[in-house]
Each structure stands twice: as structure tokens, then as C-alpha cells.
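Structural characterization, general
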Amino acid sequence: MTDNKAARLPRKTYEKELLRLQTELVKLQEWVRAEGARLVVVFEGRDAAGKGGTIKRVTEHLNPRVARIAALPKPTERERTQWYLQRYVEHLPAAGEIVLFDRSWYNRAGVEHVMGFCTEEEYRLFLRQCPIFERMLVEDGILLRKYWFSVSDTEQQERFRRRLEDPLRRWKLSPMDLESITRWEAYSRAKDAMMVHTDISEAPWYVVESDDKRRARLNMITHLLDSVPYHEAPLPVLALPDRPPSTGYQRPPRDLQTYVPDRTAHL
């Protein structure tokens, strides 16, 4: 990890490599669909660590019917009475699907524990059950990858400041995000305890250094591709047909329909 902005990956280098990796992600997607594989990718880390931006680049050119994002809101009153992991199970992939969890069941080991949204008993139960749950997923054939995005305190605060000043990203900030600044050490201890209990051989944690967002995105995508034994699946042979001759169809007069005004004419 480095705080030296001059050492950050140049944009041209980043964009060229990102395009190459996104091409490989499309091949991975087609392999998942052809083989009926099930892939789960968990994105965790501190607020403003770069999870959302990485997910955006991963899915940018993928088919949303194959690769979908699960970003669950806070549980409903009914969900609070269920087994904690229950609402996550229904979002797991079927054959030929990829699910990317933008935060996951690990909310209980992080924000819920630190902010007091769960009891100590519920927290301890989660730490016992989570490894069992994940072993069950892997034993059933699910490909499970877990990434923790690590960001320094100074970089996180700078990203919060930029979001606060940017009207396009202001929505990303919440009072809870800002409170995480004052609870940095509490979140650090929670993360350490989570790693001790859930970094298992069947589903290990992979830490992504993310002070440089460009490097983090490329490193994470590269690791994901390297960790899955995919190959280029054969695509159906397609040919663009000739347009048939006209049969006399005439388009209705334009004044019978309402068109969006051409505001670009005044630019």
C-alpha cells in the first residue's frame, strides 16, 4: 500500500489492462453459462474501500441475466425473526449464474457487531455458523471467492471528503459512514476477529490493497480469473441475414406520435 499519488497506476495503462481483463470476464461468463457453474463473489471491506467501483467494472460488459449484484438493504421486521443467513440463501446462484455480493452475510461480523445492531450472543453464533455455512456451499459445488478491500485511514477520510463535496456522489455518504471514522479501531478489531474465525481453507479470504483504486480493480479481477478453471466456451455460429424486400409497409405520419424534444440542438 502506498500514499504516494505519483506512484499510482497511469490511466492509459489501467484502461488498456482493464479492457483485456473485461474481455476475459466475458469468457468466464460464457463458461459459467455453458458448464452450469455457480459462482459467488463476496466483496467486503471498510466504507469507501472501493468495493462498488470494482463491482461496476466487473459487471460492465456482462449479461445481467447471468451476472447479478446482490446488495441487500437492512432486514425487514420479518427477516429479523428468521435465521440470520436465511435471506442470503435465496440470492445464491442457480446453474449458469454469477452473484456478486456488495456486502454480504459478513455484515453481522462488522457493522452490526460494532454498532450494536446485534447481540453478543447473535454475533458469537454467527462466527460459529459461518464457516459451516460456507463449507456447505463449497461442498455443494458453488465456487466461492471472498475479497476484503483494505484502505488506510487517511485515504478513507480523503474519499469521504471528496464524496461530501461531489453532488454526484454525495448520496454514497450516510451518518453511519462518517461514524466509522470515529470507530476505526473497533472496526479493525472486528475485522481481525472475523478473519480468525472465517478464513478457512475451503473459502479463504483474499485481501486487496485498495489505496490505489486502479491497481485494486486490476489485481482483484486478475485473481478472480486465475482462481477459476474456466476456458473459452464455443459460441453459436451467427450470421447476419439479408433484409427481405419491402412488402409495402409505410410508417405513420410523425405528427401522430409524441417525440422527446431534441434539446441537443441547442448545445
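Each remark here, short or long, concerns the structure printed above.
With that settled, the discussion passes to the overall build of the chain. Along its length, the chain carries 9 helices and 5 strands. Secondary structure of the chain in N-to-C order comes out as α-β-α-β-α-β-α-α-β-α-α-α-β-α. Within the chain, contacts between residues at least 6 apart in sequence are counted, and of these 79% link residues at least 24 apart. A gap of 4 Å separates the mean positions of the 44 positive and 40 negative side-chain charges of the chain.

Counted by the stated rule, this structure contains 26 salt bridges. In this structure, the salt-bridge partner of E158 is R161, at a minimum N-O distance of 2.5 Å. Highlighted residues: E158 and R161, both in helix 6 (residues 153-165), separated by 3 residues, approximately one helical turn. One salt-bridge network, in which partners are shared between bridges, spans R8, E155, E158, R159, R161, R162 and E165.

Take the sheet that holds strand 1 (residues 38-45) next. Ordered by their spatial adjacency, 5 strands build an open sheet running 2-3-1-4-5, and the pairing between neighbours is parallel. Edge positions in the sheet fall to strand 2 (67-70) and strand 5 (205-209), since each of these pairs with one other strand and no more. If you compare each strand with its neighbour and ignore which way they point, the axes differ by 20° on average. Sheet contacts for helix 2 (residues 51-59): strand 1, strand 2, strand 3 (97-102) and strand 4 (143-150); angle to strand 1, the most-contacted strand, approximately 155°.

Here the focus is the packing of aromatic side chains. Applying the stated criterion across every chain, the model contains 13 aromatic pairs. Aromatic side chains Y84 and Y88 sit 5.8 Å apart centroid to centroid with 55° between the ring planes, which places their arrangement in the tilted category. For Y88, a relative accessible area of 2% gives the class buried. Seen from their ring centres, F101 and W105 are 5.3 Å apart, and the 65° between their planes marks the pair as edge-to-face. Accessibility assignment for this pair places F101 and W105 in one class, buried. Through a chain of ring-to-ring contacts, the aromatic side chains of W83, Y84, Y88, F101, W105, Y106, F126, F133, W148 and W205 assemble into a single cluster. A cation over an aromatic ring shows up here: R46 above the ring of W184, its NZ or CZ 3.5 Å from the ring centre. Here the basic side chain of R254 rests over the ring of Y259, its NZ or CZ set 4.5 Å away from the ring centre.

Before going further, it helps to spend a moment on the pairing of strand 1. In terms of residue burial, strand 1 counts as a mostly covered element, since 8 of its 8 residues are buried. Every second residue of strand 1 is oriented toward a common face, with R38, V40, V42 and E44 on one face and L39, V41, F43 and G45 on the other, all of them buried. As paired elements, strand 1 and strand 3 share 6 bridges and run parallel to each other. Looking across to strand 3, one finds that R38 is bridged to E97. Pairing between strand 1 and strand 4: 7 bridges, direction parallel. In the sheet register, L39 faces strand 4, and the bridge partner there is L143.

A few words now on helix 9 (residues 213-227). With 15 residues, helix 9 ought to run about 21 Å at 1.5 Å a step, and its terminal C-alpha atoms sit 21 Å apart, in line with that. Every buried residue of helix 9 is listed here: A216, R217, L218, M220, I221, L224 and L225.

Take the packing of helix 6 against helix 7 (residues 175-182) next. As a packed pair, helix 6 and helix 7 sit with axes 11 Å apart at the nearest point and diverge in direction by 150°. In terms of orientation, helix 6 lies roughly antiparallel with respect to helix 7. Handedness of the crossing formed by helix 6 with helix 7: left-handed. In this structure, helix 6 contributes Q156, Q157 and F160 to the contact, and helix 7 contributes D177, L178, S180 and I181. Among the residues forming the contact of helix 6 with helix 7, the class breakdown is 3 nonpolar, 3 polar and 1 charged.

What follows is about the environment of R145. Position of R145 relative to the elements: it lies in strand 4. Spatially, the C-alpha atom of R145 lies 22 Å from that of A233, the residues being 88 residues apart in sequence.

Here we come to helix 1 (residues 11-35). Between its first and last C-alpha, helix 1 extends 35 Å over 25 residues, near the 36 Å set by a 1.5 Å rise per residue. Looking at helix 1, one finds that the buried residues are Y14, L18, L21, Q22, E24, L25, L28, Q29, E30, W31 and V32. Each element contacted by the buried residues of helix 1 is listed here: strand 1, helix 2, strand 3, strand 4 and helix 9. Where helix 1 ends, the next residue or the one after it, G36, has phi of about 70°, a positive value.

About the criteria used
Residues numbered from 1 in each chain as written. Predicted model: local features only at pLDDT ≥ 70, side-chain atom pairs only at ≥ 80, totals over all residues. Heavy atoms only, no water. Helix = DSSP H or I, 4+ residues; strand = E, 2+ residues; numbered from the N terminus. Contact = heavy atoms within 4.5 Å. Lys, Arg positive; Asp, Glu negative; His and termini not counted. Charge placed at Lys NZ, Arg CZ, Asp CG, Glu CD. Salt bridge = Lys/Arg side-chain N within 4 Å of Asp/Glu carboxyl O. Pairing = 2+ DSSP bridges. Axes fitted to C-alpha atoms, helices over the stretch in contact; angles between N-to-C directions. Phe/Tyr/Trp six-rings, centres within 6.5 Å; stacked < 30°, edge-to-face > 60°. Buried < 20%, exposed > 50% of the residue type's maximum accessible area, 1.4 Å probe, protein only. Lys NZ or Arg CZ within 6 Å of the ring centre and 35° of its normal. Expected span 1.5 Å × (residues − 1). Parallel < 35°, antiparallel > 145°, perpendicular 65-115°, else oblique. Left-handed = near helix turned anticlockwise from the far one by under 90°. Nonpolar A, V, L, I, M, F, W, Y, C, P; charged D, E, K, R; others polar.

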